[in-house]
Structure formats: structure tokens, C-alpha cells
Amino acid sequence: MSSHDTGTGDTGTAAVETGSGTGTADDAESGTVGTGTRTVRFSGLRSGSAPMSWGQQAIWKSINWLAEEAHYFNLARVVALPGGTTTDGVLSVLGELIARHEALRSTFANGPDGPVQRVYGNGSAAVAVHAAPADAPGPPDEADAQALADRLAATPFRNGEEFGMRYAVLTYAGEPVWLVMVVSHQATDYGGVRVMEDELARLLRGESLEPVEWQPLDQARHQQEGEGARRGRAALDHWERALSTAPTSHFDFPPPPDGAGEDDPGRFVRLRLASVAGAVAAQRLADRCRVSTSTVLLTAAAATLAAYTGHDRAVMLLIAGNRNEPRLQSMVGAQTENALFVLAPGEGTFEDAVRGGFLPTMSAYRYGEYDPAAMDEVHERVGRARGRKLDLSAFFNDVRMRDRWDALPDTGDDPEALLALRARSEISFIGSWARQDAKYFVHTPYCPDRLHLYLMADTHYLPVPVIEGLLRAMETLLVESVHGKVTPAEALRGLTLPTADRAPDSGA
């Protein structure tokens, strides 16, 4: 592994100046043109190039697969600025963030020996300043800021030519009101975005921050040798053993007659279940089984999938943050990879499955960090041995960053109260896409007073009524398990299950 550090470490600077255009950085840039453009320049910082870290390689693969549709991965954030803040003050804070976090001044490209990250020690970032019209009835609101964020996020990043951040400030009567940031998922994952949001708030309050201990360049080096490399090899061995007996696909049944065509522009559909009852039930089950609510929700998603597709085990990929080490918790960078979760729900109740889901969950996250290229070789080797290509296209992602809901009603031991809450649950259409690299993707973001459970599925195999039925089945498992007993098969009553002529899972 090669690295060429030419900067001066932590002694560099960031300066703010008025400018026009998009900003430059020797041969990299970050910028977007608005009403006016201000430039944040940085110099004398650490620079270098190295192979991408494993997390960077993982998202690189997905971004390149989506190509012009890769804007799907862009992360948009809007920040209400405190009163008394000046535009220069906002730009100064952005300059400090850029200086602190090398991922915000990096480019990413394919090199002769594989994907490469390049960190710049000298360069600039452009910040668009959008001033409200003089006759505006009031300052821009959150909807205005979000609309601008959505526009900035609608274009994929040129990760080999521009830094992975776009910035804009909305002003009113000369005062900054909103900061808009759009982040390339190549630059960082959700964990890194949260680090930025926390540091941004603290810097705007005038706080001083400790230096960042660990950067993506350091992580890449760590993974090439010593403990990091050993951990990666252990993960590869674990996956190869598990995949040798797990179902090769959950979608090994003929597509239903009412399924979408393979070229349907709206083939992949996302629905959302909003359920107060589901959140209340998940907490009750977590307490009873002494597991996290994340384990409860994951088990619901996995058991429902296994029961619907007729497999005795569920195979799902979890989105592993891989930030357990303290030095990684303050790093801005792409660290997430897929973790392999295999669950045998058994013939018992859903509560039995939840109790059995704890150890597989811990095992999945333990082995969720590895070299993606080497993992591709594992998939190919196992597929050849089993005589069929592996189809690992079911996912679960809990992005709540907290295990409990803050504003749930107390239903006590009254089953009727819980059922009354369930009657208020709603399912909504969220969006559709022509291409996705998943056939069944469950995720849950935080909402203080209800469970938001999203399912994006391939309607070639799972038509929209089936997607809705699967979400309802997950809710049934949660709610009916609090005051009674229910199996995954019972939760699917009312849905016509697919049939397939297949060998048992242990040999398929």
C-alpha cells in the first residue's frame, strides 16, 4: 500500500474570501453557483493517496452500479442557524470542518491497482449564498431550505473531480438563516454525517473541539496489515461457512402473473407503515425478551420473509456501521458494509424467534468488516460449489441511532388499548424506481411517537398488495405477541404464498 503525504498535519489553515465561480483545489473542487458565491480556501493540511478503505470500496461499488442514478445515495441536510450568526461566521465554521475531516477534501477514482482515495492539503470549497428577495414577506422557512437541498441533491457527484460536499446559505435581510449541505455517500456514511452535525452545532456555539484522531487514510492502512487484516480474514471465513448452507435466494419462485415487468420504470416500490401500536409492542417485547428493539424489528422482517418465501431460514444483509472502536466514532468517512444475518425462526411463536435472534444478530455485526473484493470471491466460490449464483438481495437497516421511542402512550396491560392503536396505523406510498440492487429492503428511521417501517421491494416478485401485506404481517407479529402468541405463518394469513420446486435449504 502506498501513501504520499505532503501536507503539514494539523498546522494547516482555512480562510474565507468572496469569490465567483465554483472554486478550485489544485485539480479538485467543491461548489455550486447561487445568487452569489463565497470561497473557503484551505492550505498546509495533510494530503496523500491510498487505496480506498473497505467501507469506501463498498459504497463505491454501489454508486458505480447506479451510475447516473447515483444521486439516490446523496445525503441532504438543512440546519437552522442561530440568531446573531454572520455569513462569515458560517463560512469560518465550514472551513474548520473541512480542515478537520479529510473526507471532505478528498476525491475518489479507479486506479491501475483498484479504487483510490486522494486527500488534498490545499484547495477550496465554494459556498452558494442565496439571498431572499427584498420584497419577501419573511425569511425562508424549512420548506424553502429543503427544496434547495433537494435540488442540489438531484445531481450525482463527480467523485473523481469534485469534493463530496455541496454547500449553500440562505439569507434574509443580510443575515444567514439556513445552512444547506448535500453530502456524497462516497465521502461519508450516516454515522459521519451525524459527527458533522454535532460538530457544526458546537462550532456555531463557539466551542473548541479536540483534534480528530483517526481519518479514512489511517483506516485504510489499518486494514492492510495487523489486527485490521486479521479481522477481515475472519469475516471472510465466517461468511463462507454460513453461505455454504444458507438459502441461495429467497426469490427462487416464479414471478406472479400480476408482477411488474422486468423493464417497468416503477418496478421497485417503497411503502411505509406508520404504527404507534408497533412501537409500543416492540418495546414490550424487547423488555420481555431482554433484547433491543432493533433485534425485535429485524426478527419481524426476517421471519416474515422466510415464511412468505417458504424457507426454513432467512438470510438478510444488515447495514453495519462498524464504528464500535472509539477512534472511529469521530471519523467522517464511509465505514459501513453489509453484515450477514441468518435466522432459523423455527416452528414456534414469534417471541421464540425473537429470543433466538439475539446471537445471530451479534454474530452478524462481529463479522461485518472485510475486503469487498475478497468477499466477491467468496460469493463466487460458494456459488460454484453449490451450482447456482448467490442472490443476497434482502436487507435490513435500523438508522434510528436510539433504541427507544420518546413519546409513546402507555397502554398498560390492556390488549384492547393496543388494538385500538393498531386501528390507527397507516401505509403510505413513498416512491418507485426503475433499478435497485435489492429485492426486499426494510429500514426504520427514528420518529418519537410511532414506528416508521419502510419496505422497498421488487414488484416483479412482490406486487404492491403483497408489499402492503408483508408490512401488515410484521405489525401483526409485533402487536399480537404482546398479549398472545402468533407464528409467522399465522401473521401471513390472507396472503397467497408463492410456490417453488426446490431442494431443502441445507442443500440448496
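Residues numbered from 1 in each chain as written. Predicted model: local features only at pLDDT ≥ 70, side-chain atom pairs only at ≥ 80, totals over all residues. Heavy atoms only, no water.

Draft legend 1. Geometry of the overall build of the chain. Check the secondary structure of the chain and you find 13 helices and 16 strands. Based on the C-alpha atoms only, the size of the chain along its principal axes is roughly 65 × 55 × 45 Å. Here the chain holds 508 residues, and 53% of them are scored as buried. Across the chain, contacts joining residues at least 24 apart in sequence account for 81% of those joining residues at least 6 apart. Of the roughly 21,500 Å² that the chain leaves accessible, carbon and sulfur atoms contribute 49%. (Helix = DSSP H or I, 4+ residues; strand = E, 2+ residues; numbered from the N terminus. Buried < 20%, exposed > 50% of the residue type's maximum accessible area, 1.4 Å probe, protein only. Contact = heavy atoms within 4.5 Å. Areas by Shrake-Rupley, 256 points an atom, 1.4 Å probe, with all protein chains shown as cover.)

Draft legend 2. Geometry of the confidence of the model for the chain. Taken over all residues, the pLDDT of the chain has a mean of 92, while the share at 70 or more is 92%. In the predicted structure, residues 1-9 sits below a pLDDT of 50 and forms 30 contacts with residues beyond four places in sequence or in another chain. (pLDDT = per-residue confidence, 0-100.)

Draft legend 3. Up close: the sheet that holds strand 15 (residues 440-444). One open sheet holds the seven strands; their spatial order is 12-11-13-15-16-10-14, and the pairing between them is mixed. Lying at the two open borders of the sheet, with one neighbouring strand each, are strand 12 (337-343) and strand 14 (426-433). On average, each strand axis in the sheet is inclined to that of its neighbour by 20 degrees, with strand direction left out of account. One ladder, built from seven bridges, connects strand 11 (residues 314-320) with strand 12; its direction is antiparallel. Bridge pairing in strand 12 links A320 to E337. Sitting on the sheet, helix 6 (residues 226-243) touches strand 11 and strand 12, and the angle it makes with strand 12 is about 35 degrees. (Pairing = 2+ DSSP bridges. Axes fitted to C-alpha atoms, helices over the stretch in contact; angles between N-to-C directions.)

Draft legend 4. Structural view of the side chain of R46. Note that R46 resides in the loop between strand 2 (36-43) and strand 3 (48-51). R46 gets classed as buried once you look at its relative accessible area, which sits at 16%. A polar side-chain atom of R46 sits 3.3 Å from a polar atom in the side chain of D218. (Polar contact = N/O pair within 3.5 Å; in protein donor to acceptor, adjacent residues only side chain to side chain.)

Draft legend 5. Quick look at the nonpolar core. Residues V296, M316, Y440, L455, L462 and L478 are the most contacted members of the largest nonpolar core, which totals 60 residues. Excluding anything up to four places from it in sequence, L462 contacts F251, F253, Y308, K439, Y440, A457, I467 and L470. Listed in part, the 33 residues of the second largest apolar core include L75, Y120, A187 and V332. (Core = buried A, V, L, I, M, F, W, Y, C linked by side-chain atoms within 4.5 Å.)

Draft legend 6. Molecular detail of the pattern of salt bridges. A full pass over the atoms with the stated rule returns 35 salt bridges. Between R202 and D198 there is a salt bridge whose closest N-O contact spans 3.7 Å. With R202 and D198 both in helix 4 (residues 190-204), this residue pair falls four residues apart, about one helical turn. Residue R284 is joined to D413 by a salt bridge in which the shortest nitrogen-to-oxygen separation is 3.2 Å. Of the two residues, R284 sits in helix 7 (residues 276-289) while D413 sits in the loop between strand 13 (394-398) and helix 11 (415-422), which places them 129 residues apart along the sequence. Judged by its relative accessible area of 68%, D413 is exposed. Several salt bridges converge on common partners, so that one network encompasses D287, D398, R400, D403 and R404. (Salt bridge = Lys/Arg side-chain N within 4 Å of Asp/Glu carboxyl O.)

Draft legend 7. The pairing of strand 7 (residues 123-131), seen in detail. Counting buried positions along strand 7 gives seven out of nine residues, so the element sits mostly inside the fold. Inspection of the sheet shows strand 2 paired to strand 7 by seven bridges, in the antiparallel sense. In the sheet register, G36 faces strand 7, and the bridge partner there is V129. Sheet analysis places strand 7 next to strand 8 (residues 165-172), joined by five bridges and oriented parallel. Within strand 8, the position partnered with H130 by the bridge is L170. The handedness of the strand 7 to strand 8 crossover, carried by helix 3 (residues 142-153), is right-handed. (Right-handed = clockwise from strand over helix to strand, strands pointing away.)

Draft legend 8. Broad picture of the packing of aromatic side chains. One pass over the full model with this rule turns up nine aromatic pairs. Geometrically, the ring pair formed by F253 and Y461 is edge-to-face, given 5.8 Å between the ring centres and 90 degrees between the ring planes. On the criterion of sequence distance, the pair formed by F253 in the loop between helix 6 and strand 10 (268-275) and Y461 in the loop between strand 16 (451-458) and helix 12 (464-480) is long-range, its members being 208 residues apart. Taken individually, F253 and Y461 each receive the classification buried, so the pair is uniform in this respect. Consider the rings of F395 and F441, whose centres lie 5.2 Å apart with planes at 10 degrees: the pair is stacked. (Phe/Tyr/Trp six-rings, centres within 6.5 Å; stacked < 30°, edge-to-face > 60°.)

Draft legend 9. How the structure looks around helix 12. An ideal rise of 1.5 Å per residue puts 24 Å on 17 residues; helix 12 measures up with 24 Å between its terminal C-alpha atoms. Most of helix 12 sits inside the fold, with 12 of its 17 residues counted as buried. Here helix 12 has its buried residues at V466, I467, G469, L470, L471, A473, M474, E475, T476, L477, L478 and V479. (Expected span 1.5 Å × (residues − 1).)

Draft legend 10. Fine view of the environment of G44. Its location among the elements puts G44 in the loop between strand 2 and strand 3. G44 sits in the partly exposed class, given a relative accessible area of 24%. For G44 and M165, which are 121 residues apart along the polypeptide, the C-alpha to C-alpha distance reads 20 Å.

Draft legend 11. The arrangement of the sheet that holds strand 3 in detail. Read across the sheet, three strands follow the order 3-6-5 without closing on themselves; strand pairing throughout is antiparallel. One side of each edge strand has no neighbouring strand; the edge strands of this open sheet are strand 3 and strand 5 (106-111). Going across the sheet, the axis of each strand differs from the next one's by a mean of 25 degrees, ignoring polarity. Contacts from helix 1 (residues 54-66) reach strand 5 and strand 6 (114-119) within the one sheet, and its direction differs from that of strand 5 by about 70 degrees.

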